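# Architecture and fold: a report
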Amino acid sequence: MPDKEYSAALKLIDEAHAQDPKKVEVNGKEQPYELHYSQKMSSYLEKCSPHAPDTLRLAIRAQHFKRWEIPRDSYPMTKVGYHAWRTYLKKRQADMASQICLDCGYSEDDAKRVAHLIRKEDLKKDEETQTLEDVACLVFLDDQFEDFEQQHDEDKIVKILQKTWGKMSEKGHELALEIPMSERCKSLVGKALARG
């Protein structure tokens, strides 16, 4: 049974996700995209780390907190613009999620930990930050890759797959290879790993 702080924080995070104007169809029903995304994140966390602490579970759920409010095109459509957008989003999402934790009765240390995880600090050194990165990569491969590969040329896709693979742990790699994919997507993953 989750404690009252966790339940309260999760409720506030999901209420915010439910405001996302972008909708997707999930099992024949329309759902706000960020609510769908965050639920997918939580589902993959269960596979990666079923006994994760509240701080990681909340960071996973709030990783894209109110992301739709700052669209990609609000920054220059360049590589530098993309990185500036991502950096700003991580800080903003971390700040808002940590405030929710404080408002729901978590300690300042716990709230700071949630923010630390959302900002993906100490990746490759901090096991929980690595788990969050694994989960984000798994959700990309499972939920976004098929659409993504139709919008970009093969060389770009292979490079992105190589970067995605490089961010993941061995456990993440194992789970990624279990994701059902179209033959085309499997072929692209195979090319990325062969070139890696």
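Residues numbered from 1 in each chain as written. Predicted model: local features only at pLDDT ≥ 70, side-chain atom pairs only at ≥ 80, totals over all residues. Heavy atoms only, no water.

The first and last C-alpha atoms of helix α2 (residues 33-48) sit 22 Å apart over 16 residues, in line with the 22 Å expected at 1.5 Å per residue. The set of residues buried in α2 consists of Tyr33, Glu34, Leu35, His36, Tyr37, Ser38, Met41, Ser42, Tyr44, Leu45 and Cys48. On its buried face, α2 is in contact with α1 (4-17), β1 (23-26), β2 (29-32), α3 (54-61), α6 (127-151) and α8 (170-176). (Helix = DSSP H or I, 4+ residues; strand = E, 2+ residues; numbered from the N terminus. Expected span 1.5 Å × (residues − 1). Buried < 20%, exposed > 50% of the residue type's maximum accessible area, 1.4 Å probe, protein only. Contact = heavy atoms within 4.5 Å.)

In this section: the nonpolar core. Among soluble globular proteins, nonpolar side chains are generally buried collectively. One finds Leu58, Val135, Leu138, Leu141, Phe145 and Leu161 to be the most contacted residues of the largest nonpolar core, which totals 52 residues. Ranked by the residues each element gives to this core, the list is headed by α6, at 10 residues. (Core = buried A, V, L, I, M, F, W, Y, C linked by side-chain atoms within 4.5 Å.)

Overall, the coordinates contain 16 salt bridges when judged by the stated rule. For Asp126, the salt bridge goes to Arg113, with nearest N and O atoms at 2.7 Å. Here Asp126, found in the loop between α5 (108-118) and α6, pairs with Arg113, found in helix α5; they are 13 residues apart in sequence, far enough to count as distant. Judged by relative accessible area, which is 12%, Asp126 ranks as buried. Given the relative accessible area of 23%, Arg113 is considered partly exposed. (Salt bridge = Lys/Arg side-chain N within 4 Å of Asp/Glu carboxyl O.)

Let us now look at the packing of aromatic side chains. This model, assessed by the stated rule, comprises five aromatic pairs. Seen from their ring centres, Phe140 and Phe145 are 6.0 Å apart, and the 55° between their planes marks the pair as tilted. Plain terms: the ring middles of Phe140 and Phe148 are 5.6 Å apart, the flat faces sit at 75° to each other, and that makes the pair edge-to-face. Accessibility assignment for this pair places Phe140 and Phe148 in one class, buried. (Phe/Tyr/Trp six-rings, centres within 6.5 Å; stacked < 30°, edge-to-face > 60°.)

With that settled, the discussion passes to the environment of Ser169. Within the secondary structure, Ser169 is located in the loop between α7 (154-167) and α8. Residues Ser169 and Gln130 lie 39 residues apart in sequence; the distance between their C-alpha atoms is 7.2 Å. Among residues more than four places away in sequence, those in contact with Ser169 are Gln130 and Asp134. Within the structure, Ser169 has its side chain in polar contact with the side chain of Asp134 (distance 2.4 Å). (Polar contact = N/O pair within 3.5 Å; in protein donor to acceptor, adjacent residues only side chain to side chain.)

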